[in-house]
Amino acid sequence: MPGAIDVSSVLRSGAEVGPVSMRPKIVTRDVNVFYGEKRALNDVSIDIPERAVTAFIGPSGCGKSTFLRCINRMNDTIPTARITGRIEIDGENIYAKDVDVVPLRARIGMVFQKPNPFAKSAYENVAYGPRIHGLARTRAELDEIVESSLRKAGLWDEVKDRLQQPGTSLSGGQQQRLCIARAVAVSPEVILMDEPCSALDPIATARIEELIDELRQNYTIVIVTHSMQQAARVSQRTAFFHLGNLVEQGPTEEIFTTPSDPRTQNYITGRIG
Amino acid sequence: MASRLTATQRRWQRRRERIMEGVLFLCAASSVFVTIAIVVVLVWESAAFFAHVPIATFLTDTMWTPLFADPRYGILPLLCGTMLSTAVALCVAGPLGLTAAIYLSEFASAPVRESTKPVLELLSGVPTVVYGFFALLVVTPFLQTFVPNLPGFNILSAGIVIGIMIIPYVASLSEDAMRAVPNALRDGSLALGATRLETAFKVVLPSAISGVAAAFALGISRAVGETMVVAIAAGQQPNLTFDPREPAATITAYIVQVALGDLPHGGIGYQSIFAAGLTLLLMTLSFNVFAFWLRARFREAY
Ligand SMILES: Nc1ncnc2c1ncn2[C@@H]1O[C@H](COP(=O)(O)OP(=O)(O)OP(=O)(O)O)[C@@H](O)[C@H]1O
Ligand SMILES: [Mg+2]
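Please read all numbers here as calculations on a predicted model, not as lab measurements.

K.L.:
An account of the overall build of chain B is requested, with residue identities and associated values reported.
P.N.:
Secondary structure summary: chain B contains 12 helices and zero strands in total. The linear arrangement of helices and strands in chain B, starting from the amino end, is α-α-α-α-α-α-α-α-α-α-α-α. Taking 19 Å as the expected radius of gyration for a compact globule of 302 residues, we find that chain B reaches 25 Å, considerably beyond that expectation. The C-alpha extent of chain B, read off along each of the three principal axes, is 85 × 70 × 35 Å. Across the 302 residues in chain B, those meeting the buried criterion constitute 44%. The long-range share in chain B, meaning contacts at least 24 apart out of those at least 6 apart in sequence, stands at 71%. A total of about 15,800 Å² of accessible surface is found on chain B, and carbon and sulfur atoms cover 70% of it. Of the charged side chains in chain B, 19 are positive and 17 negative; the average position of the first set lies 17 Å away from that of the second.

This is the structure in structure tokens:
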């Protein structure tokens, strides 16, 4: 199979990964997204399990980011975007009329493709969310949230002596971990990551992957990635998208070893993409 | 295929090129020469002035009475009038300009923004003399209805009108600075559950702060140099005061007053306008340089 990507070496056995709880955190049914007249997603229905990493893979333009942005309603910020269908988090329809996006987004953190620290100190970057949501009553409480978030993002030791320096002065990988710390600081239940490593070098990428593996103990993580090795390394479940359709989903090993759809087969062996 | 040029033709062509280049250079250089010439004249005449009036007196004397029998040449009253009218202007243009900029950059839909900005910029096309009469004949009478004993000439109404005048500068330049903030930062803030207002004030504005400060510095520089409005509406007596309700003269108002011919050419009173002009130039120049530096720094950030 020339040009095939061999991911079997990085897949871990089920025993190592541990059983994935199948309590679904996020349930979507028949989600369609339109940008103006253009339909970007067709009837996407998926259950995303709690405290596990779910990877979205698929060729460029297939709608992975679009779907991810439905889950925290970031598509609301695009005037032309229109969505139909149902998305439930813990059984609650997030597109119901009376849902306020502000607390919703506080429950669902997001990490973007390019690190996007604010033009503030590292400390203030992490403190931003807790401040706007009033999570700390005293400076000491805020300090504590900032420290524990930076620890969870594996960044504390590197920045503890320069918390007052601008977040933008950190390296790319550190900036991305700062953004993860910023998301973690508001204690979200879900963390959405849209190609979080695509702007990073292999070492910084490995660091973030380790971190994702640690975070899944406490958070439901959805990650979009173009690297099949990365999907295989960090996720327990994988969903393959193609031209706006959710083609196939299941435990990561199954998707990579015994895909049932020929399109998935072709994508993971490098024939489409 | 075109025939090739002979050696003579080529020499002529080269010479023509060089002449044209020289002409273009002269055109470009002339504006620089004129500016330099103005500065030289200013410095030259000011030097003559300072030969009679020590700089220390000029900077510390509290009276400016070049037209009196016993002339005094202390720039402080004029400086004070200038700064007072500028401060009033800033109190008006700062909040309003910034609010307009935030609205246009962060909240207005594209069609609203596209139609509002030209209108805003049109405001800066109104001749300043119109603003001057507006201050004297509309704003002052209006203020008099609730500010007791407000004289017909006062710094307050001149300052307010200058403020209205510089709103377009402040708003338009601040808006440019805020729109230059990458959307990724807005998304980052919104995704954390911030409202659009929180995002505008706590993320976009701080990111654009040097650009916004540059807009303010340019606005201040305009207010400092503004002449017509103060000459018409603020009265023309130099008056060392910190009360904007009083009449006072600014540096610019003094210069027009004298330049209109109250003083004999060549006298020390005449030279005093050059000293005043030099002071003004240094003030506006320093604000412009400051703004330039801020904008350069802002551009570096993104
Ligand atoms: N703001 C938008 N306006 C109009 N069309 C859009 C917009 N965003 C995305 N699209 C379209 O929707 C489709 C899905 O885009 P999306 O960004 O979700 O793809 P993706 O799978 O994330 O691709 P990539 O791997 O390149 O990031 C594409 O055809 C894209 O052109
Ligand atoms: Mg994408």
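K.L.:
Mind laying out helix H8 (residues 202-215) of chain A, listing which residues take part and the relevant values?
P.N.:
Residues and elements named next belong to chain A. Taking 1.5 Å per residue, 14 residues should reach 20 Å; H8 reaches 20 Å between its end C-alpha atoms and fits that length. Among all positions of H8, only Ala 204, Thr 205, Ile 208, Glu 209, Leu 211, Ile 212 and Leu 215 are buried. One face of H8 carries all of its buried residues, which in axial projection span an arc of 160°. Opposite the packed face of H8, turned more than 90 degrees from it, sit the exposed residues Pro 202 and Ile 203. On its buried face, H8 is in contact with strand E3 (53-57), helix H5 (139-152), helix H7 (172-184), strand E7 (190-194), strand E8 (220-224) and helix H9 (228-234). The N-terminus of H8 is capped by Asp 201, whose side-chain oxygen sits 2.9 Å from the backbone nitrogen of Ile 203.

K.L.:
Describe unusual backbone geometry, naming the residues involved and giving the relevant values.
P.N.:
In this structure, Leu 243 of chain A takes a positive phi of about 50° despite not being glycine. Along the polypeptide, Leu 243 of chain A turns up in the loop between strand E9 (237-242) and strand E10 (245-251). Exposure remark for Leu 243 of chain A: the relative accessible area of 64% places this residue in the exposed category. Phi is positive for Asn 149 of chain B, close to 55°, though the residue is something other than glycine. With respect to the helices, strands and loops of the structure, Asn 149 of chain B is situated in the loop between helix H5 (128-144) and helix H6 (155-179).

K.L.:
I'd like a rundown of the packing of aromatic side chains, residues and numbers included.
P.N.:
Counted by the stated rule, this structure contains 15 aromatic pairs over all chains. Their ring planes at 85° and their centres at 5.0 Å tell us that Phe 50 of chain B and Phe 58 of chain B sit as a pair that is edge-to-face. By relative accessible area, which is 3% here, Phe 58 of chain B ends up buried. Summarising the aromatic geometry, the rings of Phe 290 of chain B and Trp 293 of chain B are spaced 6.2 Å apart at their centres and angled 25° between planes, so their arrangement reads as stacked. Remark: Trp 293 of chain B and Phe 290 of chain B occur in helix H12 (residues 268-301); sequence separation between them is three residues, near one turn of the helix. Classification of Phe 290 of chain B as partly exposed rests on a relative accessible area of 40%. Judged by its relative accessible area of 47%, Trp 293 of chain B falls in the partly exposed class. Aromatic ring contacts, followed pair by pair, group Phe 49, Phe 50, Phe 58, Trp 64, Tyr 73 and Tyr 254 of chain B into a single cluster. Above the plane of the ring of Phe 34 of chain A lies Arg 82 of chain A, whose end atom (NZ or CZ) is 4.5 Å from the centre. A cation sits over an aromatic face here: Arg 182 of chain A above Phe 118 of chain A, 4.2 Å from the ring centre.

K.L.:
Pulling in residues and values, what's your account of the interface of chain B and chain A?
P.N.:
Where interface size is given, it is often the accessible area lost as the parts come together that is meant. The interface is formed by 18 residues belonging to chain B together with 21 residues belonging to chain A. For the pair chain B and chain A, the two sides together bury roughly 1,500 Å², of which 65% comes from carbon and sulfur. Along the contact surface separating chain B from chain A lie zero salt bridges. At the junction of chain B and chain A, the tally comes to four residue pairs in polar contact (both at pLDDT 80 or more). Counting residues per element, the ones that place at least two in the side of chain B that touches chain A are helix H7 (183-191) and helix H8 (196-207) of chain B. Looking at the side of chain B that touches chain A element by element, the count peaks at seven residues for H7 of chain B. A class-by-class count of the residues in the side of chain B that touches chain A yields nine nonpolar, six polar and three charged.

K.L.:
Residue-level account of a positive patch on the surface, with values.
P.N.:
Positive charge collects at one region of the surface, where Arg 4, Arg 10, Arg 11, Arg 14, Arg 15 and Arg 18 of chain B lie side by side. On the secondary structure map, Arg 10 of chain B appears in helix H1 (residues 7-52).

Definitions and cut-offs
Sequence positions are assigned chain by chain, starting from 1 and proceeding in written order. Key to labels: chains lettered from A, ligands numbered from 1, both in the order written. Note on the predicted model: pLDDT of at least 70 is required for a residue's local features to be given, and 80 or more for side-chain atom pairs to be given and counted; whole-chain, interface and lining totals, by contrast, use all residues. Values shown for side chains rest on all heavy atoms present in the structure; no hydrogens or waters enter the calculation. Each helix corresponds to a stretch of at least 4 residues labelled H or I by DSSP, and each strand to a stretch of at least 2 residues labelled E; elements are numbered beginning at the N terminus. Each radius of gyration is computed over the set of C-alpha atoms, and the globule rule expresses the reference value as 2.2 Å times the number of residues to the power 0.38. Think of it in three bands: with a 1.4 Å probe and only protein chains considered, a residue is buried below 20% of the maximum accessible area for its type, exposed above 50%, and partly exposed in between. We call two residues in contact when some of their heavy atoms are within 4.5 Å. The protein chains shown are the only cover counted for residues, whose accessible areas, like all others here, come from Shrake-Rupley with a 1.4 Å probe. The convention is simple: Lys and Arg are positive, Asp and Glu are negative, and His and the chain ends are not counted. By convention, the charge on Lys lies at NZ, on Arg at CZ, on Asp at CG and on Glu at CD. A helix's residues, less one, multiplied by 1.5 Å, set its expected span. An arc is given here, and it is the one of the directions from the helix axis to the C-beta atoms. Pairs of N or O atoms within 3.5 Å make up the polar contacts considered here, provided that, within protein, one atom can donate a hydrogen while the other can accept it, and that residues adjacent in sequence are counted only when both atoms are side-chain atoms. The rule is short: rings of Phe, Tyr and Trp, with Trp giving its six-membered ring, pair when the centres are within 6.5 Å, and they are stacked under 30 degrees, edge-to-face over 60, tilted in between. Lysine NZ or arginine CZ positioned within 6 Å of the ring centre and within 35 degrees of the ring normal marks a charge as sitting over the ring. Summed over both partners, the accessible surface that disappears when two parts come together, traced with a 1.4 Å probe, is what is meant by buried area. The term salt bridge refers to a pairing of a side-chain nitrogen on Lys or Arg with a carboxyl oxygen on Asp or Glu at a separation within 4 Å. Under this grouping Gly is polar, as are all residues other than the nonpolar Ala, Val, Leu, Ile, Met, Phe, Trp, Tyr, Cys and Pro and the charged Asp, Glu, Lys and Arg. By definition, no residue in a patch forms a salt bridge, and every one has over 30% relative accessible area; like charges are joined within 9 Å, nonpolar side chains (Val, Leu, Ile, Met, Phe, Trp, Tyr) within 5 Å.

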